[in-house]
There are 2 protein chains.
Amino acid sequence: MEFKISRESIQQFEDLIAEKNEKELLEILKDIHFADIAEIMNELSEEGAIYIFNILDSEVTAEILLELDENVRENILKNLSSKEIAEELDELNTDDAVDIISELPQERKGEVISELEDLEHAKDIVDLMRYNENTAGGLMGTELVSVNENWTVLTCVKEMRKQAEHVSRVHSIYVVDDNQRLKGRLSLKDLLTTSTTTHISDVYIRNVDYVRVDTKDVEVARIMQKYDLEAIPVVDEMGRLLGRITIDDIVDVIKDEADKDYQLAAGISQDVEANDSILTLTRARIPWLILAMIGGFVAVNVTRSFEGAMEKFRILFFFTPLIAAMAGNVGVQSSAIIVQGLANNTISGSIWKRLLKEVTLSLFNGFILSIILLLGSHFLLQVDYMIGITVAIALVSVIVIASLIGTFIPIFLNKYGIDPALATGPFITTSNDIFGILIYFSIAKIILGF
Amino acid sequence: MEFKISRESIQQFEDLIAEKNEKELLEILKDIHFADIAEIMNELSEEGAIYIFNILDSEVTAEILLELDENVRENILKNLSSKEIAEELDELNTDDAVDIISELPQERKGEVISELEDLEHAKDIVDLMRYNENTAGGLMGTELVSVNENWTVLTCVKEMRKQAEHVSRVHSIYVVDDNQRLKGRLSLKDLLTTSTTTHISDVYIRNVDYVRVDTKDVEVARIMQKYDLEAIPVVDEMGRLLGRITIDDIVDVIKDEADKDYQLAAGISQDVEANDSILTLTRARIPWLILAMIGGFVAVNVTRSFEGAMEKFRILFFFTPLIAAMAGNVGVQSSAIIVQGLANNTISGSIWKRLLKEVTLSLFNGFILSIILLLGSHFLLQVDYMIGITVAIALVSVIVIASLIGTFIPIFLNKYGIDPALATGPFITTSNDIFGILIYFSIAKIILGF
C-alpha cells in the first residue's frame, strides 16, 4: 500500500545514497509503488534523485518520469542521453511519451525520436505530436484493441490476444469496417458470454459515443462525465478510428479546469504552485494587483468628489471600507454562482427571469443586512440615527447593484466566448468598490443634502 | 451522439405530450441516450416529465432517475408507488440504488426495500445504507467479479461468466482466499493470454491497492488519482472484500471538492446552484456577509480612531478603500496558493523557509506597486508628494502583513484539522481590511505626526 513520506525516511534515503548502498536501496524500493518513488525523488537532493533513477529498471523509471514534478523531471532528462530518453519512451503509452517529448528543448526532440526502437510506436508518437494539446488529439493514445466487423468471435479473441500484448489496460473493444471507420463497440462482458462461432456484426453495439480529433479537451471531459465513460474513441473527419482517451487523463483535465477557475477567483492568472519561483509567482499575481490599484485611484477620486460632505458628515467617510467590502463580497458571490452554473451547464431559463430573481434575492439579503447595520450603528458605533438610516438605505442599493453586476458580467463574457471565470475575484471586487462608493455617496447626498 | 437541447426541441416534446402521441415520442426517444433524456425531462413541465417517464421501459427509466435534477427526481418519485420505485431500483447497481433510497422520506424507505424482488440485491442495499456517505463504504457498490485463489483459469472463466451477468462493467477480477479475504487481482489481459489449466495462485498479482471501508471519500479520490486506478476494492477491518469503488463516482467527489473550495473562496458556505430557491441561496450567502459587516463595524471604529488627522490630512481618508482593496486581494492570492498546495500535497519545506519566501515575494510586489502608487498619486491624483510617499510606505507594509496573514492562516487551520479553504475569501478580505487600515493610519501617524 501507500508509502508514507517523512523527514526521517527522506534522511534514510539520503544516507543510503551517500553510502552508494545500491543493494539496500533496491531492496527497499522494490516494494514501493512508482508514484510513491516519484514523490520521494521530488523531496531528495538533485544528485540523490538522479542516483535513484539510474539504479532502477527502465520499466519503472519510465512510469516514474511521468509522475515527477516538472522541475525534477527536467533535471533528470538533462542528465540522460537522447538514446536513454528514447529507451524510457519505448516503455510508455504513446500519449504519455508525447507529453514527455513536448517538454524537451526543440533541438533534442528530433534526436530522441530518431533513437526510438519500435518504429510503429515512433510513427504514432510523431503523428500525435501534431495535435494541439488542448484537443482530443492531444489527449489520445493509440493503444487500443480494435476488431473488424466481419470477423467471428474466435478470430476476434485470437487477434485481441495479439493486440493486448501492447495495451496495458483493455477498456473496450472497438469495431471497425474495412476502411478503419468506427462502427461500434464490443464489451468484454459480451465477449466472455458469447459463443466463439458468432459473427462480430451480430453482437456488437452500434450506438457508440466518440469524439472528433479536434474536440476541445473540456468538451471531451463534459461528454465523458455526462455519459459516465471510462474511455472514448477518437475519430478523424472521415470517421476513421485514430485513438482513445482514458478517464485518468480526463480527471486531470477536470482538476486543472477547476484549479484554474479557483485561481482566477483568487486573482491569480496562470497555473502556479507555492513552490514556484518568486518571479513566476509575481507574474501570475501582479497584473490583478495593478488592476486593483488603478481601480483604487478611481475610488480615491470618486470619494474626493464628495469632499464637500466632510465638514458636516465626516462619519460617512469612515463607512467607505464597509460599503466597499459589502459590494465586493456580494459581487463575488453572485458571479461565482453564475460561473459554476455556466461550467456545469445548469443555467437555464430566460435572462429576465434571472434578473427578477437576482433583484429579489439581493433585496431580501440587503434588507436583513441593513437591519443589522441599523442596530450595529446605533448600539455599537453610537452613530446619529439619520446617518444610520442613510447608510442602511445606501447599503441596500449597493447590494442590489453589486449582485446585478456580479450576475451579468459573467453571462455577458460567456456570450462573447470569453472565459466567465475572468470576471470573478479582483475584477468584480474592484469595479464594485467603485460603483459601491459612488452609489453610497450619491444616495447620502440626496438624503442628507450636502 | 449527443442530443442538442433547444427551445424548439423542448416545445416539440411538450406538443407531443399534450397530444399524448406515445408512438411518436417513443420513436424519437429510442435513439437518445438516457443522460440526454434526463436533461430533456429537467426542462419539461412537471406533468410532461412524468408522462415521458411512464411511457419508457424500466431499464431506461432507472438510469434516467440517477441523472435527473434532484427536484425533478423528487417529483417523479412522489408519483410512483413503493412497488414501482422498487422495480426501478432492481435495475440499478447497489451503490446507485442506495443513493436514490437515501433521498426518500424516512417512512417510504422501509416500504420500498420490502418490495425489492431480488433478495440478494436487497440485502446488499440494506448493508450499504449503514455506511456514512462520505466514506469508502458510502461510495462502494457490491457488483464485482471475484475468484478464489485455488481455482484454475478454466473454473475462473466459467464462474466469471456467471458473475458477469450481474455486473455491467468488469474492471478487475479480485482474488480472494477461502475466508473472502482480498489476496490480489487478476487483469483481464492476463486471463486472455494464459492457458486455461493454470492455477490462479500462479498468475495473480499480489500487490493490490485497496481502501478500508471507513476511508474518507477525498482520501479514496487522492489514492485513485495518484495510482491512476479505474476501480479500487474496499475491504473491512479483517481484510475481507466488501465491494469496489469505480472512477466515475470519484470524478464526482473530485468535482464536488473543487466546487466546494471555489464556493468557499467566493463566500458561499454550502453547495448551491443558480437555480436553487432564494431561501437556500440566502442561507448559503448571508453568514459571510454578516461576517463582513461585523468586520466593517470594526473598520469604521479603527478609521474613526484616527479622526484627529481629518483636519490637516483629509486626503488620507480617500485612500482607505484602495488600501483595504490591496490588503484583501494580496491576502486572497496568498491563501489560495497555500490552500491549493495543501489540497494537492505540494507544500513542502520548513515553515521558516516559507516565511522568508513570502516576505521576499511581498516586498518585491509591494515595491513595484508602491512605485505605481507614487506615479499615480503624483500625476493622476495630484496629491502632495509627502502624502504620496506616506501612502506608498504604508502600502508596502500592508502588503507584507496581508500576505503573511494569507499564508499562515490556512496552514494553521490545516494543522488543527479545519478545512483551510474556509480561510480564503471573505474571512481573509475582512481581517485584512481591518489590519490594513490600522497599519496604514498608524504609519501615516508616525510619518506625518497628527
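Parameters at a glance
Residues numbered from 1 in each chain as written. Chains lettered and ligands numbered in written order. Predicted model: local features only at pLDDT ≥ 70, side-chain atom pairs only at ≥ 80, totals over all residues. Heavy atoms only, no water. Helix = DSSP H or I, 4+ residues; strand = E, 2+ residues; numbered from the N terminus. Rg over C-alpha atoms; globule rule 2.2 N^0.38 Å. Contact = heavy atoms within 4.5 Å. Areas by Shrake-Rupley, 256 points an atom, 1.4 Å probe, with all protein chains shown as cover. Lys, Arg positive; Asp, Glu negative; His and termini not counted. Charge placed at Lys NZ, Arg CZ, Asp CG, Glu CD. 1 Å grid on protein atoms, 1.4 Å probe; cavity = no way out; pocket = protein on both sides within 12 Å on 5 of 7 lines; lining within 4 Å. Points joined across faces, edges and corners; volume = space filled by probe spheres on them. UniProt positions renumbered as here; feature names shortened; annotations may be inferred. Buried area = accessible area lost by both parts, 1.4 Å probe. Salt bridge = Lys/Arg side-chain N within 4 Å of Asp/Glu carboxyl O. Polar contact = N/O pair within 3.5 Å; in protein donor to acceptor, adjacent residues only side chain to side chain. Nonpolar A, V, L, I, M, F, W, Y, C, P; charged D, E, K, R; others polar. Domains from an automatic or database assignment. Core = buried A, V, L, I, M, F, W, Y, C linked by side-chain atoms within 4.5 Å. Buried < 20%, exposed > 50% of the residue type's maximum accessible area, 1.4 Å probe, protein only. Pairing = 2+ DSSP bridges. Axes fitted to C-alpha atoms, helices over the stretch in contact; angles between N-to-C directions. Parallel < 35°, antiparallel > 145°, perpendicular 65-115°, else oblique. Left-handed = near helix turned anticlockwise from the far one by under 90°. Disulfide = S-S within 2.5 Å. Least-squares fit on C-alpha atoms with pLDDT ≥ 70 in both. Phe/Tyr/Trp six-rings, centres within 6.5 Å; stacked < 30°, edge-to-face > 60°. Lys NZ or Arg CZ within 6 Å of the ring centre and 35° of its normal.

Visitor: Even after reading the chapter, I still don't get the overall build of chain A, so can you show me in this structure?
Guide: Helices and strands together make up the secondary structure of chain A, namely 22 helices and 6 strands. The C-alpha radius of gyration of chain A comes to 30 Å, more than 25% above the 22 Å expected for a compact globule of 450 residues. For chain A, the proportion of contacts with a sequence separation of at least 24, taken over those separated by at least 6, is 65%. For chain A, the accessible surface area stands at approximately 20100 Å², while carbon and sulfur atoms represent 53% of it. Averaging the positions of the 39 positive and the 71 negative side-chain charges in chain A gives two centres separated by 9 Å.

Visitor: Hey, could you run me through empty space enclosed by the protein in this one?
Guide: The gaps left among the atoms become clear once a water-sized probe is rolled over them. If you walk through the whole model with that rule in mind, you get 8 cavities of 30 Å³ or more. Each pocket or cavity is described by its volume, and for the largest cavity that value is around 380 Å³. For the largest cavity, the lining is made up of 26 residues, of which Gly328, Asn329 and Thr429 of chain A together with Asn329 and Thr429 of chain B are closest to its centre. Within the residue set of the lining of the largest cavity, elements represented by two or more residues are helix H19 (320-343) and helix H22 (426-448) of chain A together with helix H19 (320-343) and helix H22 (426-448) of chain B.

Visitor: What am I meant to see in the UniProt feature "domain: CBS" (unreviewed entry) in chain A here?
Guide: Per the UniProt record, "domain: CBS" (unreviewed entry) is annotated on residues 140-203 and 204-260 of chain A. Its end C-alpha atoms 40 Å apart, residues 204-260 of chain A is made of 42% helix and 23% strand.

Visitor: Explanation requested: the interface of chain B and chain A in the structure shown.
Guide: When the parts of a complex come together, some accessible area is lost, and that lost area is often taken as the interface size. With 119 residues of chain B in contact, the opposing surface of chain A contributes 119 residues. With both chains or domains summed, chain B and chain A bury close to 11400 Å², and 62% of this area falls on carbon and sulfur atoms. For the pair chain B and chain A, the interface holds 10 salt bridges. Arg314 of chain A serves as the salt-bridge partner of Glu307 of chain B, at 3.5 Å between the closest nitrogen and oxygen. At the junction of chain B with chain A, the criterion picks out 28 residue pairs in polar contact (both at pLDDT 80 or more). Element by element, the count of residues in the side of chain B that touches chain A is highest for helix H17 (residues 278-304) of chain B, at 18 residues. Along the lines of polarity and charge, the residues of the side of chain B that touches chain A split into 61 nonpolar, 27 polar and 31 charged.

Visitor: Explain the domain arrangement of chain A to me, please; I cannot follow it from the model alone.
Guide: All names here are of chain A. In terms of domains, chain A is made up of domain 1 (7-139), domain 2 (145-255) and domain 3 (278-448). When each unit is reduced to the centre of its C-alpha atoms, the spacing between domain 1 and domain 2 is 29 Å. On the domain 2 side, the residues contacting the 8 residues of domain 1 number 16 residues. Among the residues of domain 1 in contact with domain 2, Asn134, Ala136 and Leu139 are the three that bury the most area, contributing 55% of the side total. Linking domain 1 to domain 2 there are 1 salt bridge. With its nearest N and O atoms 3.6 Å apart, the salt bridge here joins Asp95 to Arg244. The tally of links from domain 1 across to domain 2 stands at 3 residue pairs in polar contact (both at pLDDT 80 or more).

Visitor: Can you help me understand the nonpolar core in this one?
Guide: A general tendency of soluble globular proteins is for nonpolar side chains to be buried together. Core analysis: the biggest nonpolar cluster contains 124 residues, and Ile76 and Ile245 of chain A together with Ile76 and Ile245 of chain B have the highest contact counts within it. Apart from residues no more than four positions distant in its own chain, Ile245 of chain A is found in contact with Ala136, Leu139, Met140, Val211, Val220, Met224, Glu230, Ala231, Ile232, Val234 and Ile250 of chain A. Within the second largest apolar cluster, 86 residues are counted, among which are Phe313 and Val330 of chain A together with Val302 and Ile399 of chain B.

Visitor: Which parts of the structure should I look at to understand the sheet that holds strand E5 (residues 231-235) of chain A?
Guide: Strand pairs in the sheet, formed through backbone hydrogen bonds, run parallel or antiparallel to each other. Residues and elements named next belong to chain A. Taken together, 3 strands build an open sheet; the order of strands is E4-E5-E6 and the sheet is mixed. At either margin of the open sheet sits one strand with a lone partner, and together these are strand E4 (211-212) and strand E6 (241-246). Pairing of E4 with E5, which is carried by 2 bridges, proceeds in the parallel orientation. Bridging across to E5, Arg212 finds its partner in Val235.

Visitor: Can you help me understand the packing of helix H3 (residues 34-43) of chain A against helix H5 (residues 58-67) of chain A in this one?
Guide: Packed helix pairs are specified by the crossing angle of their axes together with the interaxial distance, meaning the distance between the axes. Residue and element names in this part refer to chain A. Following both chains from N to C, one finds H3 and H5 inclined at 60 degrees, their axes separated by 8 Å at the closest point. Between H3 and H5, the crossing angle belongs to the class labelled oblique. Considering how the two elements wind past one another, H3 and H5 form a crossing that is right-handed. Facing H3, whose interface residues are Phe34, Ala35, Ile37, Ala38 and Met41, H5 presents Val60, Glu63, Ile64 and Glu67. Its residues assigned to classes, the contact of H3 with H5 shows 7 nonpolar, no polar and 2 charged.

Visitor: What am I meant to see in the state of the cysteines here?
Guide: Think of a disulfide as a covalent bridge from one cysteine sulfur atom to another cysteine sulfur atom. In this structure the tally under the stated criterion is 0 disulfides over all chains. You can see Cys156 of chain A has no disulfide; the closest cysteine sulfur is in Cys156 of chain B, sitting 20 Å from it. In this structure Cys156 of chain A comes out as buried when scored by relative accessible area, which is 0%.

Visitor: What exactly am I supposed to notice about the relation of the copies chain B and chain A here?
Guide: The two chain copies are connected by a rotation around an axis plus a translation along it. For the pair chain B and chain A, the superposition axis carries a translation of 0.0 Å, the fit reaches an RMSD of 0.1 Å, and the rotation angle comes to 180 degrees. Viewed as a symmetry operation, the transformation between the two copies matches a two-fold axis. Both copies present the same face, since 100% of the interface residues in chain B are matched by interface residues at the equivalent positions in chain A.

Visitor: Mind showing me how you'd approach the sheet that holds strand E3 (residues 182-186) of chain A here?
Guide: Residue and element names in this part refer to chain A. Strands sit in the order E1-E2-E3 across an open sheet of 3 strands; the sheet is mixed. Since the sheet does not close on itself, it has two edges, and those belong to strand E1 (145-148) and E3, each with one partner. Here the strands of the sheet are splayed against their neighbours by 35 degrees on average, with no regard to which way each runs. Summarising the sheet, E1 and strand E2 (residues 173-176) pair through 4 bridges and their orientation is parallel. Counterpart to Ser146 in the pairing with E2 is Tyr174.

Visitor: I tried to follow the packing of aromatic side chains on my own but got confused; where do I start?
Guide: Each aromatic ring pair is characterised by the separation of its centres together with the angle its planes make. Summed over the entire model, instances satisfying the criterion amount to 12 aromatic pairs over all chains. Considering the side-chain rings of Phe412 of chain B and Tyr416 of chain B, the 5.0 Å spacing of their centres and the 55 degrees angle between planes classify their relative orientation as tilted. Tyr416 of chain B gets classed as exposed once you look at its relative accessible area, which sits at 57%. Ring pairs connect the aromatic residues Phe306, Phe317, Tyr440 and Phe441 of chain A together with Phe318 of chain B, which therefore count as one cluster. Here the guanidinium or amino end of Arg206 of chain A rests over the ring plane of Tyr204 of chain A, the centre of that ring lying 4.4 Å away.

Visitor: Which parts of the structure should I look at to understand unusual backbone geometry?
Guide: Leaving glycine aside, a negative phi is the common case for residues, and trans is the common case for peptide bonds. Of note, Gln382 of chain A is a non-glycine position whose phi angle comes to about 50 degrees, a positive value. As for its position among the elements, Gln382 of chain A is in the loop between helix H20 (351-380) and helix H21 (385-415). The exposure class of Gln382 of chain A is exposed, given its relative accessible area of 61%. Within the chain, Asp228 of chain B stands out as a residue other than glycine whose phi angle is a positive 50 degrees.

Visitor: Whenever I open this one, the UniProt feature "transmembrane region" (unreviewed entry) in chain A confuses me. Can you help?
Guide: All names here are of chain A. Taking the numbering used here, the UniProt-annotated feature "transmembrane region" (unreviewed entry) corresponds to residues 286-303, 315-339, 359-381, 388-413 and 425-448. Span residues 388-413 is 100% helix and 0% strand, its end C-alpha atoms 37 Å apart. The distance from the first to the last C-alpha atom of residues 425-448 is 33 Å, and the span holds 96% helix and 0% strand.

Visitor: Looking at this model, I keep getting lost on the pattern of salt bridges. Mind explaining?
Guide: Between side chains of opposite charge, a pair can form when the charged atoms approach closely. Residues and elements named next belong to chain A. Inspection of every chain in the model, using the stated rule, returns 40 salt bridges over all chains. Note that Asp236 and Arg240 form a salt bridge whose closest N and O atoms lie 3.0 Å from each other. Overall, Asp236 belongs to the buried group, its relative accessible area being 8%.

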